[in-house]
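Survey of secondary and tertiary structure
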Amino acid sequence: GAGVSQSPSNKVTEKGKDVELRCDPISGHTALYWYRQSLGQGLEFLIYFQGNSAPDKSGLPSDRFSAERTGGSVSTLTIQRTQQEDSAVYLCASSPAMGGELFFGEGSRLTVL
Amino acid sequence: DQQVKQNSPSLSVQEGRISILNCDYTNSMFDYFLWYKKYPAEGPTFLISISSIKDKNEDGRFTVFLNKSAKHLSLHIVPSQPGDSAVYFCAASVEGSNYKLTFGKGTLLTVNP
């Protein structure tokens, strides 16, 4: 499809396990963003990519969180040693350039038991 | 510390009437404001935005008003339609960092036929 694609759509994992969430942005979009939405909260900024580099990763909650982007396209958000408080919907978005209208994917719902 | 606040978790209106969704912010550095709309199991979609140099922006049935002195913005939908039923998020950013949006918790709008 032409939109932002995220996988998996749902992930249930046990506390302490590592998880990887994938984002395939809209073709040609140079900027890519990760946000998360915890239950009852607004969307929280995690990290932003311009091309393959991440000028701002200030929103990553801890060093258990990391993200990379390769080929200026697909991005992977990795959470190591998951904790219950990591349970949230992780949303990826892309845009043609920095800022402006963000196009969001449907999100990956992570549940840590 | 919530910098963008949507104090009404929900709003219910009759079809054809006006819906008014409110948003307050505390960070005086915010200079660009957006509204996103989210249906269940979908990612948020951009609706309308306004720069701090304006006090009103209109797009069809949707109008956003900005009162900088009060640090308040509102989204007016008129006439409201059942298909407008969704969660509406207010978001704000700072010039130079407009890749990083700060979101409110959202307001669930229900438009009754």
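For the structure itself, look to the data block above.
Let me begin by describing the structure that accompanies this report.

With that settled, the discussion passes to the overall build of chain B. Scanning chain B from terminus to terminus reveals zero helices and eleven strands. Its helices and strands taken in sequence order, chain B reads β-β-β-β-β-β-β-β-β-β-β from the N to the C terminus. The C-alpha radius of gyration computed for chain B amounts to 13 Å, which stays within 12% of the reference 13 Å derived for 113 residues, consistent with globular compactness. In terms of overall dimensions, chain B has a C-alpha envelope of 40 × 30 × 20 Å along the principal axes. Contacts in chain B between residues far apart in sequence, at least 24 positions, make up 54% of those at least 6 positions apart.

Time to look at the nonpolar core. Judged by nonpolar contacts, the single largest core of 23 residues is most densely connected at Phe33, Trp35, Leu73, Leu75 and Tyr88 of chain B. At the level of secondary structure, the elements contributing two or more residues to this core comprise strand S3 (19–25), strand S4 (30–38), strand S5 (45–51), strand S7 (62–67), strand S8 (72–77), strand S9 (86–94) and strand S11 (107–112) of chain B. Broken down by element, the residue count for this core peaks at four residues, all from S9 of chain B. Ranked by size, the runner-up nonpolar core spans 19 residues in total, among them Val4, Phe65, Leu77 and Cys92 of chain A.

Attention now moves to the interface of chain A and chain B. One frequently used descriptor of interface size is the decrease in accessible area upon assembly of the parts. Listed per partner, the contact involves 20 residues of chain A and 16 residues of chain B. Summed over both sides, the interface of chain A with chain B buries roughly 1500 Å², with 61% coming from carbon and sulfur. By the criterion of area lost to chain B, the three top residues of chain A are Leu43, Met98 and Phe104 of chain A, representing 27% of everything that side buries. With a shortest N-O distance of 3.4 Å, Lys100 of chain B and Asp56 of chain A are connected by a salt bridge. At the boundary of chain A with chain B, the tally comes to six residue pairs in polar contact (both at pLDDT 80 or more). If you list the elements that add at least two residues to the side of chain A that touches chain B, you get strand S4 (31–37) and strand S5 (43–50) of chain A. For the side of chain A that touches chain B, the per-class residue count stands at nine nonpolar, eight polar and three charged.

The next point concerns the environment of Gly60 of chain B. Turning to its location among the elements, Gly60 of chain B is positioned in the loop between strand S6 (56–59) and S7. Counting along the chain gives 18 residues from Gly60 of chain B to Val78 of chain B, while the straight-line C-alpha distance between them is 8.8 Å.

To continue, consider the state of the cysteines. All names here are of chain A. All chains considered together, the criterion is met by two disulfides over all chains. Note on cysteine connectivity: Cys23 is disulfide-linked to Cys92, with sulfurs 1.9 Å apart. Since a negative S-S torsion denotes a left-handed disulfide, the Cys23-Cys92 link at about -65° is left-handed. Taken together, the residues Cys23 in strand S3 (residues 19–24) and Cys92 in strand S9 (residues 88–95) connect sequence positions 69 residues apart.

Once that is clear, we can look at the sheet that holds S6 of chain B. One open sheet holds the five strands; their spatial order is S1-S3-S8-S7-S6 (chain B), and the pairing between them is antiparallel. Because the sheet does not close on itself, it has two edges, and the strands there are strand S1 (4–5) and S6 of chain B.

Once rolled over the atoms, a probe with the size of a water molecule shows which space is left empty. One number sums up the size of the largest pocket: a volume of about 620 Å³. Taken together, 31 residues form the lining of the largest pocket, with Gln37, Ser38, Val89 and Arg109 of chain A together with Lys38 of chain B sitting closest to its centre. Elements represented by at least two residues in the lining of the largest pocket include exactly S9 and strand S11 (108–112) of chain A together with S9 of chain B. Classifying every residue of the lining of the largest pocket by side-chain character gives ten nonpolar, 15 polar and six charged. Lining the second largest pocket are 19 residues, with Leu43, Glu44 and Phe45 of chain A together with Thr102 and Phe103 of chain B sitting closest to its centre. Elements with a contribution of two residues or more to the lining of the second largest pocket: S4 and S5 of chain A together with strand S10 (102–103) of chain B.

This part is about the environment of Thr111 of chain A. Residues and elements named next belong to chain A. By the element assignment, Thr111 lies in strand S11. Distance from Thr111 to Ser87, taken between C-alpha atoms, is 4.7 Å for residues 24 residues apart in sequence. Apart from residues no more than four positions distant in its own chain, Thr111 is found in contact with Lys11, Val12, Thr13 and Ser87.

This part is about the pattern of salt bridges. For the structure on display, the rule yields six salt bridges over all chains. One salt bridge connects Arg64 of chain A with Asp86 of chain A, and the closest N-O pair in it is separated by 2.8 Å. Here the residue Arg64 of chain A occupies a position in the loop between strand S6 (53–56) and strand S7 (65–69), and Asp86 of chain A occupies one in the loop between strand S8 (75–79) and S9, the gap between them amounting to 22 residues. Pair check on accessibility: Arg64 of chain A and Asp86 of chain A agree, each one buried. Lys56 of chain B is the salt-bridge partner of Glu58 of chain B, the closest N and O atoms lying 4.0 Å from each other.

Quick notes on the rules
Residues numbered from 1 in each chain as written. Chains lettered and ligands numbered in written order. Predicted model: local features only at pLDDT ≥ 70, side-chain atom pairs only at ≥ 80, totals over all residues. Heavy atoms only, no water. Helix = DSSP H or I, 4+ residues; strand = E, 2+ residues; numbered from the N terminus. Rg over C-alpha atoms; globule rule 2.2 N^0.38 Å. Contact = heavy atoms within 4.5 Å. Core = buried A, V, L, I, M, F, W, Y, C linked by side-chain atoms within 4.5 Å. Buried < 20%, exposed > 50% of the residue type's maximum accessible area, 1.4 Å probe, protein only. Buried area = accessible area lost by both parts, 1.4 Å probe. Salt bridge = Lys/Arg side-chain N within 4 Å of Asp/Glu carboxyl O. Polar contact = N/O pair within 3.5 Å; in protein donor to acceptor, adjacent residues only side chain to side chain. Nonpolar A, V, L, I, M, F, W, Y, C, P; charged D, E, K, R; others polar. Disulfide = S-S within 2.5 Å. Pairing = 2+ DSSP bridges. 1 Å grid on protein atoms, 1.4 Å probe; cavity = no way out; pocket = protein on both sides within 12 Å on 5 of 7 lines; lining within 4 Å. Points joined across faces, edges and corners; volume = space filled by probe spheres on them.

Distances and angles like these do not, on their own, reveal function.
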